[in-house]
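# Structural overview for review
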Amino acid sequence: MTNLTLKQLRYFEALARQGHFGRAADACAISQPALSMQIKELEETLGTDLFERGPRQVRLTNFGEAFALRVRDILRAVDELGDLARASQHRLVGRLRIGVIPTIAPYLLPAIIGNLTRMHEGLEIHVRETLTSKLVHELAEGRLDTAIVALPVSEPSLTEVALFSENFVLVRPGEDEGKPVPNREALREMRLLLLEEGHCFRDQALSFCNMHSALPRELLDGSSLSTLVQMVSAGIGVTLIPEMALGVETRSASVSVARFQSVQPSRTIGMIWRKTSPLAKQFLQISDIVRHSADAMREQYNPT
């Protein structure tokens, strides 16, 4: 076992995650033959196969699955050693792998990245946009450093820091401008357009409407807020979007925007990271930047 190297373990982890030699090689920025050779040498050192090789993909063997769990722990620990060194510096430098959910990324991310790079010269930012469940999983595996999500996540291994709250607004066809704003009971009787399953924003909208299930004719799914707003513009139904999306999503759509009068649907946005991360102090600094970026955006769409 003395011949095991961190390089081999990283290549193994990439192949286990990708399930394909070509994609794993691309992820590691090496050639496919070089990756194959390293994996073969690793298997020879261990004295057993780690993968079942098929014509289109590879799968972990039973031993490979058990090995993968230990490898992820080792790589995460090694990364945290590097983070420990970074934490001793006065400013954040090096690589920052940050995850963002899709209902935040297009609207807030440009300001966040601009402010981060201006305040932390030399910071190399890698962004991952996906659903909350995937972000939490990748954080746990050490493939992300932190993430911006809707709270609560309620994962015991993660620190949660609330940053700000924002309301949802009702988007209706343009001809509905000036009409009374429906309450949530009336909204349940309308054709409501929502993001497809897996998005936390969908669950938040359903919770506001007190709708846990609905007939197919009552709900229509979309893959993005942009799709939903364009469907509203075409007269197909109505939707809810977060305030931060107003400037981007409604500027080229023939829709009207209304705010609810009594009970305001809302969400809390925050940052999460592993409790074991040595960079907790730096993440708190980043959370302040995210909060200030959001405050500046709110002044634009909700001036007082």
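Here, every reference points to the structure presented above.
How each quantity is defined
- Residues numbered from 1 in each chain as written.
- Predicted model: local features only at pLDDT ≥ 70, side-chain atom pairs only at ≥ 80, totals over all residues.
- Heavy atoms only, no water.
- Helix = DSSP H or I, 4+ residues; strand = E, 2+ residues; numbered from the N terminus.
- Buried < 20%, exposed > 50% of the residue type's maximum accessible area, 1.4 Å probe, protein only.
- Contact = heavy atoms within 4.5 Å.
- Axes fitted to C-alpha atoms, helices over the stretch in contact; angles between N-to-C directions.
- Parallel < 35°, antiparallel > 145°, perpendicular 65-115°, else oblique.
- Nonpolar A, V, L, I, M, F, W, Y, C, P; charged D, E, K, R; others polar.
- Left-handed = near helix turned anticlockwise from the far one by under 90°.
- Lys, Arg positive; Asp, Glu negative; His and termini not counted.
- Salt bridge = Lys/Arg side-chain N within 4 Å of Asp/Glu carboxyl O.
- Polar contact = N/O pair within 3.5 Å; in protein donor to acceptor, adjacent residues only side chain to side chain.
- Core = buried A, V, L, I, M, F, W, Y, C linked by side-chain atoms within 4.5 Å.

As a further point, take the overall build of the protein. Within the protein, the regular secondary structure consists of eleven helices and eleven strands. Along the first, second and third principal axes, the C-alpha atoms of the protein reach 75 × 50 × 35 Å. Looking at the protein residue by residue over its 304 residues, the buried ones come to 47%. Of all intrachain contacts in the protein linking residues separated by at least 6 positions in sequence, the fraction that spans at least 24 positions is 72%.

Each pair of packed helices can be summarised by the angle the axes make with each other and by the distance between the axes. At their nearest, the axes of helix H2 (residues 21–28) and helix H3 (residues 32–46) sit 9 Å apart, and the two run at 100° to each other. As summarised for this structure, H2 and H3 are arranged roughly perpendicular, according to the angle between their axes. Contact residues: Phe21, Gly22, Ala24 and Ala25 in H2; Gln32, Leu35, Ser36 and Ile39 in H3. In terms of residue class, the contact of H2 with H3 is made up of five nonpolar, three polar and no charged.

Remark: helix H1 (residues 6–18) packs on H2, axes separated minimally by 8 Å, with the N-to-C direction vectors making an angle of 130°. Relative to H2, H1 is oriented oblique. Along this stretch, H1 crosses H2, giving a crossing that reads as right-handed. Of the residues in H2, those touching H1 at Arg10, Tyr11, Ala14, Leu15 and Gln18 are Phe21, Arg23, Ala24, Ala27 and Cys28. Here the residues of the contact of H1 with H2 are counted per class, giving seven nonpolar, one polar and two charged.

With respect to the helices and strands, Glu249 occurs in helix H10 (residues 246–249). Despite its burial, Glu249 pairs with no opposite charge; the closest candidate is Arg251, at 7.4 Å N-O. Here the side chain of Glu249 touches Tyr107 through a polar contact of 2.6 Å, side chain to side chain. Discounting residues that sit within four places of it in the chain, Glu249 has contacts with Tyr107, Leu225, Ser226 and Val229.

Turning our eyes to something else, we now look at the nonpolar core. In terms of nonpolar packing, the biggest core is built from 55 residues, with Leu108, Ile148 and Ile272 touching the most fellow members. When residues no more than four places from it in sequence are discounted, the contact partners of Ile148 are Ile98, Gly99, Val100, Ile101, Ile104, Ile112, Ile269, Gly270, Met271 and Val290.

What follows is about the pattern of salt bridges. Counted according to the given criterion, the structure contains eleven salt bridges. Two residues, Glu141 and Arg72, come together in a salt bridge whose shortest N-O distance is 3.4 Å. With Glu141 in the loop between helix H6 (132–140) and strand S5 (146–151) and Arg72 in helix H4 (residues 62–87), the pair connects residues that are 69 residues apart, well separated along the chain. Here Glu141 and Arg72 have matching classes, each one buried. The partner of Arg267 in a salt bridge is Glu166, with the nearest N and O atoms 2.8 Å apart. In this pair, Arg267 is assigned in strand S11 (residues 266–274) and Glu166 in strand S6 (residues 158–173), connecting sequence segments 101 residues apart. In this structure Glu166 comes out as buried when scored by relative accessible area, which is 1%. Members of the salt-bridge network, linked through shared partners, are Arg72, Glu141 and Arg143.

Function-wise, these values are silent; they only describe arrangement.
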